[in-house]
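# Geometric and topological summary
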Amino acid sequence: MKKTILTAGLYGLALTGGTAVYAQDTGFVWGGSIEVGVDSTVNATDPAAELTDTYVTVDAAFEAALTDRISAFGALTLESITDATDDRAFDDLGLYVGELGLRFAFGETVVSAGKISPVFAVAWDAAPGFYGTSLAEDYELSEMIGVTVDTPLGNTGGVLSFAAFYVDDTFLSDSIGNKRGRNSVAAGGVGNTGKLNNFAVQYTRDFGDTTGWIGARHLSAGDGDVSDETGVVIGASHDFGNGFDMIAEVAHFDGAGGTDTNATYATLGAAYALDDWTFSTTATAVDTATGTDSMIAFGVDRALTQTVEVNFGIARFDVGGEKSTAVGLAAVVSF
């Protein structure tokens, strides 16, 4: 299922002025969404994997101006915080803080500090369709403690983003309701070091209707890892202006996940908007030393109003030698 970093969108509103009059008048912008859906694995090599998860996800975010140069930002998520292991309906719900911190403006350069989502890659968030991000989301960076810097590069129209961070191990890593437990360095995992020794950098530039990006990251080995992880990404999206748009991205990781193996992800997605309908397809392949995982997904979205839409998707997965077919349906209300 596709998830959106709401605070990034709110930050964009505050910069460009788009609900903007509201932001300028009050110094406060906020937004969010409620998604209610069903995600069902209807056929699988392993019969135990055939299950239905009826879920609800609530996201909310804000940005509040404290002075003309300083603002506070934050994001909350309510969702099932564990993967379904059997048929499930609105269970295992937990509320947690996804982002929280302060932003400082120095001219056109913006520094954000606190619990952040470092910029690295795009397909994990923007690949189209209900299942479009399912494999690319493996390399999403979220719930990190650290600092990000976003700055335009001269008159090129491009933006350079840099972050230094580590996996959140504060009380904010826990959740309310169904508790996922507070993270600690002892839990291990790349980036979970308790030190600002993890880095991500990305350059993004618009070329008319085309947007391109190139980035790199380094995640230091945590307890139990055998290797640091070093990753690079390159990608582009294009709006053809006739309702058709595409996205392509390739990401490669040495020491993927702190192991002694490498992984390469390739994602290609396309969407066609026709009135209130959007038809999409996305394919992702993951090449590792042990073989190739893959996903091909098709989606149909229907906008009922400006704030309500219905999403349908079907996907075929081949992961770790296990094949499965999933079908999903969701209603999303934005506010």
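Preceding block: the structure.
The following refers to the structure shown.

### Remarks on the overall build of the chain
In terms of regular secondary structure, the chain is built from 3 helices and 18 strands. Along the three orthogonal principal directions, the C-alpha set of the chain runs to about 55 × 50 × 40 Å. In the chain, which comprises 335 residues, the share counted as buried stands at 40%. When contacts within the chain are restricted to residue pairs at least 6 apart in sequence, those whose partners lie at least 24 apart make up 53%. A total of about 16200 Å² of accessible surface is found on the chain, and carbon and sulfur atoms cover 60% of it. The averaged location of the 45 negative side-chain charges in the chain is 5 Å from the averaged location of its 15 positive side-chain charges.

### Examining a nonpolar patch on the surface
Taken together, Phe-28, Trp-30, Ile-34, Val-36, Phe-90, Val-333 and Phe-335 make up a surface patch of nonpolar side chains, about 600 Å² in accessible area. Tallying contributions element by element places strand S1 (residues 28–44) first for the nonpolar patch, with 4 residues. The topology assignment puts Phe-90 in the loop between strand S4 (88–89) and strand S5 (93–106). Taking the relative accessible area as the measure of exposure, Phe-90 reaches 43% and is therefore partly exposed.

### Points about the packing of aromatic side chains
Going through the model one piece at a time under the given rule, you end up with 12 aromatic pairs. Taken together, a centroid distance of 6.4 Å and an interplanar angle of 80° make the contact between Phe-120 and Tyr-139 edge-to-face. Here Tyr-139 lies in the loop between helix H3 (123–126) and strand S7 (144–152) and Phe-120 lies in the loop between strand S6 (109–116) and H3, a separation of 19 residues in the sequence. Each member of the pair, Phe-120 as well as Tyr-139, is classed as buried. Site record: aromatic cluster; members linked through ring pairs are Phe-120, Tyr-139, Phe-253 and Tyr-265. The ring of Phe-73 has Arg-103 sitting right over it, with the charged end atom 4.1 Å from the ring centre. Between Arg-180 and the ring centre of Tyr-96, over which it is positioned, the NZ or CZ distance is 4.2 Å.

Here is what the cut-offs are and how they apply
Residues numbered from 1 in each chain as written. Predicted model: local features only at pLDDT ≥ 70, side-chain atom pairs only at ≥ 80, totals over all residues. Heavy atoms only, no water. Helix = DSSP H or I, 4+ residues; strand = E, 2+ residues; numbered from the N terminus. Buried < 20%, exposed > 50% of the residue type's maximum accessible area, 1.4 Å probe, protein only. Contact = heavy atoms within 4.5 Å. Areas by Shrake-Rupley, 256 points an atom, 1.4 Å probe, with all protein chains shown as cover. Lys, Arg positive; Asp, Glu negative; His and termini not counted. Charge placed at Lys NZ, Arg CZ, Asp CG, Glu CD. Patch = residues over 30% accessible without salt bridge, like charges linked within 9 Å, V, L, I, M, F, W, Y side chains within 5 Å. Salt bridge = Lys/Arg side-chain N within 4 Å of Asp/Glu carboxyl O. Phe/Tyr/Trp six-rings, centres within 6.5 Å; stacked < 30°, edge-to-face > 60°. Lys NZ or Arg CZ within 6 Å of the ring centre and 35° of its normal.

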